[in-house]
Amino acid sequence: MPPSQGSAHPLRLLGVYAALLAVIYALVFFTGDKDPTPKLGIDLQGGTRVTLTARTPDGSKPSQDSLRKAQEIIENRVNGLGVGGSEVVIDGDNIVITVPGDDGQQARALATTAKLYIRPVLQAESVASRGVAQQPVQSPAATPSSPEPETPQEVSPEPAPQQRVFPAQAPTEPPAPPGSPQEQAQQEIATAKAVRQSTDPTIQKAAIAALDCSKPDPLAGNDDPNLPLVACSTDGTEVLLLDKSRIDGQEIKNASSGLNQQQARHEVNLEFKSGGSDAWATLTGEYLYKRVAFVLDSKVVSAPVVQAGPQQGGRTTISGNFTATSAKELANTLKYGSLPLSFQISEAETVSATLGLSSLKAGLLAGAVGLVVVLLYCLAYYRMLGFLTGLSLVASGLAVYGIMVLLGRWIGFTLDLAGIAGLIIGIGMTADSFVVFFERIKDEMREGRSFRSAVPRGWQRARRTILSGNAVSFIAAAVLYALAVGQVRGFAFTLGLTTVLDVVVVFLVTAPLVLLASRTAFWSSPSVNGLGAIQQVARERKAADAALGKA
């Protein structure tokens, strides 16, 4: 017997969903790191917590406005790097950063003050030539370069840079008492400024000879841009005497990282605002064939020789011994602006995931029990149609898992306990859609239609209800995501994702499966689909209507 007209339509829909799954898992297994596991949040895999203590030049406590601004900038850096599942909170006068994984260097990089100044180089001396043994510091190395006039590179779409207007650093409390950490920081900064930012040539010469590049820099992020500066290169191999700043980092309009194909090195591409563009043209014209230093937090990142000038267009690059990761981190840091405070790391610790893993096991067990109960209920109430519900839930779970892996790989999304709760609730909502569909089929059969004719009519009525219910759920998830913070946003994100996938699964899997089942004699049997009682009700109504007609 030839197939019924239109039987290819549900098969095409099932084929579309199968193709989508094939694409998702092809991306999972053949792109990126090819690891088929999602990224886990801090509560599931543990992480690193770094406590930052503010250092003010006058030794006073930082204002809450400055702390909130620093928190906002660090959060933007986190989002720009795609470090999912991170937390940035204010704890008294400190800022606490928590990032997933055991790489504490990432948390430390997020706390960089990132005060960038462009200064002319007045004198440079190699550390080796002065006979001072030093250990290189762990920072991106800078090597003098001779770049050709810069050509703008393609900049990938990224969040727009923020305006770098910082709140006034007004002390909220009297200066700290002598001997306190704030007082010690104040003395260290003042001493370093007196020696390394002196205008006396004799003191400058002594500072060049005495500066130890292997030790922490007390002046980091606190140098005066209107005074000369004696600074180390980031690899600790060179000490440079720099003139006062000619361009401030606040004149940067945008920053991005890229690979220079000709010289096979990673660079940071800078685009200046109008004022910075004019200053850059003037500087490169004045210091043609001389060195100009890019100074980040009182260290020289790069000091290239200007090979062409004046350079118009407001674009240039920072070159050095960057890796792809370090170049991206520096570009991200410069783009979102410098912090209004300088910080020192007062504490770093590892966050254990033992409690989170126990909660995960309990949550997964609860989810599995709930899923089994739902399937048993569907089998008891809808008989063999319950198997179609199970197949649809499996199809939805496969899509959700693959997408979780890809989101972790592409945007750094991390799955935490709150996100798992959102996934479980979303799967329950998917089961609700099946119930709506099956009940509409029953309504049609009560009116006297056969199972075969009731399915397409019931689907026409059910899909409007399903779309309306999922639209409400998605709007609620979107509002919760926009207003919430921390792990609650993870819950809202996964809830919204499963809501969208619910619609996709119902339209591409559930409805086609039931339509195909309605066209077979096996599934149309009342003992199989469990609809015998509904058909009996329809016959009784028909008989009653016929009796009333005869009367």
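Residues numbered from 1 in each chain as written. Predicted model: local features only at pLDDT ≥ 70, side-chain atom pairs only at ≥ 80, totals over all residues. Heavy atoms only, no water.

**Student:** Would you explain the state of the cysteines in this entry?
**Tutor:** As enumerated under the stated definition, the model contains one disulfide in all. At a sulfur-sulfur separation of 1.9 Å, the disulfide partner of Cys-213 is Cys-232. Since a negative S-S torsion denotes a left-handed disulfide, the Cys-213-Cys-232 link at about -90 degrees is left-handed. On the criterion of sequence distance, the pair formed by Cys-213 in the loop between α6 (201-210) and β5 (229-232) and Cys-232 in strand β5 is long-range, its members being 19 residues apart. Judged on exposure class, the residue Cys-213 and its partner Cys-232 are both buried. (Disulfide = S-S within 2.5 Å. Helix = DSSP H or I, 4+ residues; strand = E, 2+ residues; numbered from the N terminus. Buried < 20%, exposed > 50% of the residue type's maximum accessible area, 1.4 Å probe, protein only.)

**Student:** Help me understand the pairing of strand β4 (residues 116-126) in this model?
**Tutor:** On a regular strand, each side chain points to the face opposite its neighbour's, so the side chains alternate between the two faces of the sheet. Across five bridges, β4 lies against strand β10 (residues 292-296) in antiparallel orientation. Bridge pairing in β10 places Ile-118 opposite Phe-294. Here two bridges tie β4 to strand β7 (residues 247-248), and the two strands are oriented antiparallel to one another. Looking across to β7, one finds that Tyr-117 is bridged to Asp-248. In terms of strand pairing, β4 meets strand β6 (residues 238-242) through five bridges, oriented antiparallel. By the bridge assignment for β6, Ala-124 is matched with Leu-240. (Pairing = 2+ DSSP bridges.)

**Student:** Whenever I open this one, the confidence of the model for the protein chain confuses me. Can you help?
**Tutor:** Caution is warranted with low-pLDDT regions, since their predicted coordinates should not be read in detail. Of all residues in the protein chain, 82% attain a pLDDT of 70 or more, and the chain-wide mean is 79. Confidence over residues 1-8 falls short of pLDDT 50; this stretch has four contacts with residues more than four positions distant or in other chains. Confidence over residues 132-174 falls short of pLDDT 50; this stretch has 106 contacts with residues more than four positions distant or in other chains. (pLDDT = per-residue confidence, 0-100. Contact = heavy atoms within 4.5 Å.)

**Student:** Just to check I follow, could you spell out the pairing of strand β12 (residues 315-322) for this structure?
**Tutor:** When you tally the buried positions in β12, you get six out of eight residues, the bulk of the element. Pairing analysis gives six bridges linking strand β9 (residues 265-272) to β12, with the strands arranged antiparallel. Considered in β12, the bridge of Glu-267 is made with Ser-319.

**Student:** Before we go on, may I ask you to explain the packing of aromatic side chains in this structure?
**Tutor:** To describe a pair of aromatic rings, one takes the distance between the centres and the angle between the planes. For the coordinates displayed, the defined rule picks out 12 aromatic pairs. A centroid spacing of 5.8 Å and a plane angle of 85 degrees characterise the contact between Phe-522 and Trp-523, whose relative ring orientation is edge-to-face. For Trp-523, a relative accessible area of 18% corresponds to the buried category. One aromatic cluster is present, built from ring pairs that chain together Tyr-377, Tyr-381, Tyr-382, Phe-437, Phe-438, Trp-459 and Phe-507. Above the face of the Tyr-481 ring, Arg-489 is positioned so that its terminal group lies 4.1 Å from the ring centre. (Phe/Tyr/Trp six-rings, centres within 6.5 Å; stacked < 30°, edge-to-face > 60°. Lys NZ or Arg CZ within 6 Å of the ring centre and 35° of its normal.)

**Student:** Got a minute to help me understand the sheet that holds strand β8 (residues 252-260) in this structure?
**Tutor:** In a beta sheet, neighbouring strands pair by backbone hydrogen bonds and run either parallel or antiparallel. The sheet built from three strands is open, its strands ordered β8-β9-β12 with antiparallel pairing. The open sheet has two edge strands, β8 and β12, and neither has a second partner. Taking each pair of neighbouring strands and ignoring which way they run, the sheet shows an average axis angle of 25 degrees. Strands in contact with helix α7 (residues 274-286) are β9 and β12; relative to β9, the strand with the most contacts, it is inclined by about 115 degrees. Packing of helix α8 (residues 324-335) onto the sheet brings it into contact with β8, β9 and β12, and relative to β8 it is tilted by some 170 degrees. (Axes fitted to C-alpha atoms, helices over the stretch in contact; angles between N-to-C directions.)

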